[in-house]
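A structural walkthrough
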Amino acid sequence: MITNEALTWLVRLVLAHLLSDFILQPKSWVAHRARYHYRSVKLYLHIAVTTITAALLTGLQHARVLPVIAVTHWAIDGWKSYKPATAKYFIADQLLHLLVIAACWCSCYPGVLLSLWQHLPDIGLHGWVLITAFVFVTAPAGILIGQLTHSWREKVEDPDHNLANAGKWIGIAERVIVLVLVLYSQFSAIGLLVAAKGIIRFQEKDRQEVKTEYLVIGTLLSIAIAIITGVLVKLSLHI
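Thresholds, definitions, all that
- Residues numbered from 1 in each chain as written.
- Predicted model: local features only at pLDDT ≥ 70, side-chain atom pairs only at ≥ 80, totals over all residues.
- Heavy atoms only, no water.
- Phe/Tyr/Trp six-rings, centres within 6.5 Å; stacked < 30°, edge-to-face > 60°.
- Helix = DSSP H or I, 4+ residues; strand = E, 2+ residues; numbered from the N terminus.
- Buried < 20%, exposed > 50% of the residue type's maximum accessible area, 1.4 Å probe, protein only.
- 1 Å grid on protein atoms, 1.4 Å probe; cavity = no way out; pocket = protein on both sides within 12 Å on 5 of 7 lines; lining within 4 Å.
- Points joined across faces, edges and corners; volume = space filled by probe spheres on them.
- Nonpolar A, V, L, I, M, F, W, Y, C, P; charged D, E, K, R; others polar.
- Patch = residues over 30% accessible without salt bridge, like charges linked within 9 Å, V, L, I, M, F, W, Y side chains within 5 Å.
- Areas by Shrake-Rupley, 256 points an atom, 1.4 Å probe, with all protein chains shown as cover.
- Salt bridge = Lys/Arg side-chain N within 4 Å of Asp/Glu carboxyl O.
- Axes fitted to C-alpha atoms, helices over the stretch in contact; angles between N-to-C directions.
- Parallel < 35°, antiparallel > 145°, perpendicular 65-115°, else oblique.
- Left-handed = near helix turned anticlockwise from the far one by under 90°.
- Contact = heavy atoms within 4.5 Å.

With that settled, consider the packing of aromatic side chains. Applying the stated rule across the entire model yields 5 aromatic pairs. The interplanar angle of 65° and the centroid separation of 6.0 Å between the aromatic rings of Trp79 and Tyr89 together place this pair among those described as edge-to-face. Separated by 10 residues along the polypeptide, Trp79 in helix α4 (residues 65-80) and Tyr89 in helix α5 (residues 87-108) bring together distant segments of the chain. The partly exposed category is assigned to Trp79, whose relative accessible area is 30%.

Here the focus is empty space enclosed by the protein. Within this structure, the stated rule accounts for 1 cavity of 30 Å³ or more. Approximately 110 Å³ is the volume found for the largest cavity. Taken together, Leu13, Ala16, His17, Thr50, Ala54, Ile69, Thr72, His73, His97, Val100 and Ile101 form the lining of the largest cavity. Mapped by element, the contributors of at least two residues to the lining of the largest cavity are α1 (4-23), α3 (41-58), α4 and α5. The class makeup of the residues in the lining of the largest cavity is 6 nonpolar, 5 polar and no charged.

Here we take up a nonpolar patch on the surface. Residues Leu18, Phe22, Ile23, Leu24, Phe90, Ile91, Leu95 and Leu98 make up a contiguous nonpolar surface patch of roughly 750 Å² in combined accessible area. Of all the secondary structure elements, the ones that give two or more residues to the nonpolar patch are α1 and α5. Among the elements that make up the nonpolar patch, the one with the highest residue count is α5 (4 residues).

With that out of the way, let us pick up the packing of α4 against α5. Close contact between α4 and α5 brings their axes to 10 Å; oriented N to C, the two are set at 165°. Taken together, the axes of α4 and α5 lie roughly antiparallel to each other. Crossing of α4 over α5 shows right-handed handedness. Here Val65, Val68, Ile69, Thr72, His73, Ile76, Asp77, Trp79 and Lys80 of α4 lie close against α5, whose contacting residues are Tyr89, Phe90, Ala92, Asp93, Leu96, His97, Val100, Cys104 and Cys108.

This brings us to the layout of surface pockets. If you add up the space inside the second largest pocket, you get close to 190 Å³. Around the second largest pocket, the lining residues are Asp21, Phe22, Gln25, Val30, Arg33, Asp77, Lys80, Phe90, Asp93 and Gln94. Taken together, the elements giving at least two residues each to the lining of the second largest pocket come down to α1, α2 (27-36), α4 and α5. A breakdown of the residues in the lining of the second largest pocket according to their chemical character gives 3 nonpolar, 2 polar and 5 charged.

This part covers the environment of Leu116. Residue placement: Leu116 occurs in helix α6 (residues 111-119). Overall, the relative accessible area of 43% leaves Leu116 in the partly exposed class. On a C-alpha basis, the gap between Leu116 and Ile2 in space is 7.9 Å, while along the polypeptide they are 114 residues apart. Residues in contact with Leu116, not counting those within four places in the same chain, are Ile2 and Trp105.

What follows is the structure, given as structure tokens:
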């Protein structure tokens, strides 16, 4: 069983990471690190702030993880300093930090991993159906929509694929939001979402007609898939 003490320690460590990485780290430190990498003095200042913040928030009961946090943070941030400032590397950087935090948590509270594994089946049919639905409306639904709108996409002038890349993430966010709204029976809010998106996305002048058709069809398919998925989940779980 995962105790309140273990969960509190984990939350405090995550909070320490958020504070040290996003609030207590000036942009000038990030810029200096990007220029000088592992030779950056600001990198070592950031590691000191990270370690001290973790110690202050979690205490010294499990002080053995502090050197691990310091060394891994130094390695991860130094590695990231060689990479371009893109969402891909930002997400990779944060996932690595969270993985270290999870490893430290499991090290300090050895029973949590076994407890999580033992309780995994307890989510039951309700949980597995919801997980499957949310996974489906992300990338799988996007690929399905891409296949259905392929003939229009080929005719749209988008040499740098900016439209497709932006549309991919907008579509995922849109479908997740719509699915949540359907599960909570907030159908009127879906209308507001569609209206807001229409105002923002379709006010552009001098747009190719085929591009407008592509955006309209893609939007309608995206919303329809999310609504149908939500309705099927509600019917299957009687909610």
